[in-house]
Amino acid sequence: LLALTAFICIETIMECSPCEGLYFFEFVSCSALVVTGALLLLFSLNLHTRIPQINWNLTDLVNTGLSTFFFFIASVVLAALNHKSGAEIAAVVFGFLATAAYAVNAALAARRWRPAGRQQGRQGSE
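Everything numeric in this text was worked out from a predicted model, so none of it was measured. Once a new chain begins, its residue numbering starts again from 1 and follows that chain's sequence as written. Whole-chain, interface and lining totals are the exception, using all residues; otherwise, since this is a predicted model, local features are given only for residues with pLDDT of at least 70 and side-chain atom pairs are given and counted only at 80 or more. Values reported for side chains reflect all heavy atoms of the structure, with hydrogen atoms and water molecules removed beforehand.

A. Inspection of the overall build of the protein at higher detail. Runs of E in the DSSP output that reach at least two residues are strands. Runs of H or I that reach at least four are helices, and both are numbered from the N terminus. Check the secondary structure of the protein and you find four helices and zero strands. Taken from N to C terminus, the helices and strands of the protein fall in the order α-α-α-α. We take the radius of gyration over the C-alpha atoms and set the globule estimate at 2.2 Å times the residue count to the 0.38 power. The C-alpha atoms of the protein give 17 Å as radius of gyration, which overshoots the globular expectation for 126 residues (14 Å, by more than 25%). Summarising its shape, the C-alpha atoms of the protein cover approximately 60 × 25 × 20 Å along the three principal directions. Looking at the 126 residues of the protein, the share that counts as buried comes to 29%. Taking as baseline every contact in the protein between residues at least 6 positions apart, the subset at least 24 positions apart corresponds to 74%. In the structure as shown, the protein presents an accessible area of about 7900 Å², 68% of it carried by carbon and sulfur atoms. Charge separation in the protein, taken as the distance between the mean sites of 7 positive and 7 negative side-chain charges, equals 22 Å. Accessibility here uses a 1.4 Å probe with only protein chains present; expressed as a share of the type maximum, an area under 20% marks a residue as buried, one over 50% as exposed, and anything in between as partly exposed. The contact criterion used throughout is that any non-hydrogen atoms of two residues lie within 4.5 Å. Per-residue and other accessible areas follow the Shrake-Rupley method at a 1.4 Å probe size, with only the shown protein chains counted as cover for residues. Under the counting rule used here, the positive set is Lys and Arg, the negative set is Asp and Glu, and His together with the chain ends is not counted. Think of each charge as sitting on NZ of Lys, CZ of Arg, CG of Asp or CD of Glu.

See below:
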């Protein structure tokens, strides 16, 4: 929801100069929204159980880790280049909130992923 709100805020901006920071933020927020939404749908409908060959815990960790990193970079760039308009300030705030939410989710995904990797290693050595 935070990525969606950040994307909506950035889409309401009509004029920009330079626009590179705005375009990068738009790309990051839209990409994170689409990938996270697809994974959310996959997990919600239990479709991930039909494809056991993929390590879904690692997939979730990579998605949230990359989203955290890119949202942070995009938010810093937009904050540095913003023109003090309300929509830009709101996008930066929601960008940093999305960064924090993705970071918490990445920590939780790392916690889920680590025990699974350790248990598989123990079973293989026994």
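B. Quick look at the UniProt feature "transmembrane region" (unreviewed entry) in the protein. The positions that UniProt labels "transmembrane region" (unreviewed entry) are, in the present scheme, residues 22-43, 64-83 and 89-110. Across residues 64-83 one finds 90% helix and 0% strand; the C-alpha atoms that close the span lie 29 Å apart. The span residues 89-110 shows a helical share of 100% and a strand share of 0%, and its end C-alpha atoms are spaced 31 Å apart. UniProt positions are given in the numbering used here, feature names are shortened, and annotations may be inferred rather than shown by experiment.

C. Structural context of the packing of helix α2 (residues 20-44) against helix α3 (residues 56-81). A fitted line through C-alpha atoms represents every axis, and for helices the fit uses only the stretch in contact; the resulting angles, taken between N-to-C directions, go from 0 to 180 degrees. Remark: α2 packs on α3, axes separated minimally by 9 Å, with the N-to-C direction vectors making an angle of 160°. Taken together, the axes of α2 and α3 lie roughly antiparallel to each other. The handedness of the crossing between α2 and α3 is left-handed. Contacts between α2 and α3 involve Gly21, Leu22, Phe24, Phe25, Val28, Ser29, Ala32, Val35, Thr36, Leu39, Leu42 and Phe43 from the first element and Trp56, Thr59, Asn63, Ser67, Phe70, Phe71, Ile73, Ala74, Ser75, Val77, Leu78 and Leu81 from the second. Here the angle decides the label: under 35 degrees means roughly parallel, over 145 means roughly antiparallel, 65 to 115 means roughly perpendicular, and every other value means oblique. Left-handed is the label given to a crossing in which the near helix is rotated counterclockwise from the far helix by less than a right angle, and right-handed is the label when the rotation is clockwise.

D. The arrangement of the nonpolar core in detail. Definition of nonpolar core: a set of buried residues of the types Ala, Val, Leu, Ile, Met, Phe, Trp, Tyr and Cys, connected through side-chain atoms within 4.5 Å. With 16 residues, the main nonpolar core has Ile10, Phe25, Phe71, Leu78, Ala91 and Tyr102 as its most contacted residues. Elements with a minimum of two residues in this core: α1 (2-11), α2, α3 and α4 (86-125). Setting aside residues no more than four positions away along its own chain, Leu78 makes contact with Ile10, Gly21, Leu22, Phe25, Glu88, Ala91 and Val92.

E. A look at α3. Residue count minus one, scaled by 1.5 Å, sets the expected span of a helix. Between its terminal C-alpha atoms α3 stretches 37 Å, which fits the 38 Å expected from 26 residues at 1.5 Å a residue. For α3, every residue scored as buried is listed here: Trp56, Asp60, Leu61, Asn63, Thr64, Ser67, Thr68, Phe71, Ala74, Ser75 and Leu78. Identification of polar contacts relies on pairs of N or O atoms within 3.5 Å, with a donor-acceptor requirement for protein atoms, meaning one able to donate a hydrogen and the other able to accept it, and with residues adjacent in sequence counted only if both atoms are side-chain atoms. N-capping of α3 is provided by Asn55, with a side-chain oxygen placed 3.3 Å from the backbone N of Asn57.

F. Seen up close, a nonpolar patch on the surface. The patches described consist of residues with a relative accessible area above 30% and no salt bridge, like charges being joined within 9 Å and nonpolar side chains (Val, Leu, Ile, Met, Phe, Trp, Tyr) within 5 Å. Throughout this description, the term salt bridge denotes a Lys or Arg side-chain nitrogen within 4 Å of a carboxyl oxygen of Asp or Glu. The grouping of Leu58, Val62, Leu66, Phe69, Phe70, Phe72, Ile73, Val76, Phe96 and Trp113 at the surface amounts to a nonpolar patch, some 820 Å² of accessible area in total. Counting only elements with at least two residues in the nonpolar patch, the list comes to α3 and α4. No other element matches the eight residues that α3 contributes to the nonpolar patch.

G. Looking closely at the pattern of salt bridges. Counted by the stated rule, this structure contains one salt bridge. Residue Arg112 is joined to Asp60 by a salt bridge in which the shortest nitrogen-to-oxygen separation is 2.6 Å. In this pair, Arg112 is assigned in helix α4 and Asp60 in helix α3, connecting sequence segments 52 residues apart. Residue Asp60 is classed as buried on the basis of its relative accessible area, which comes to 11%.

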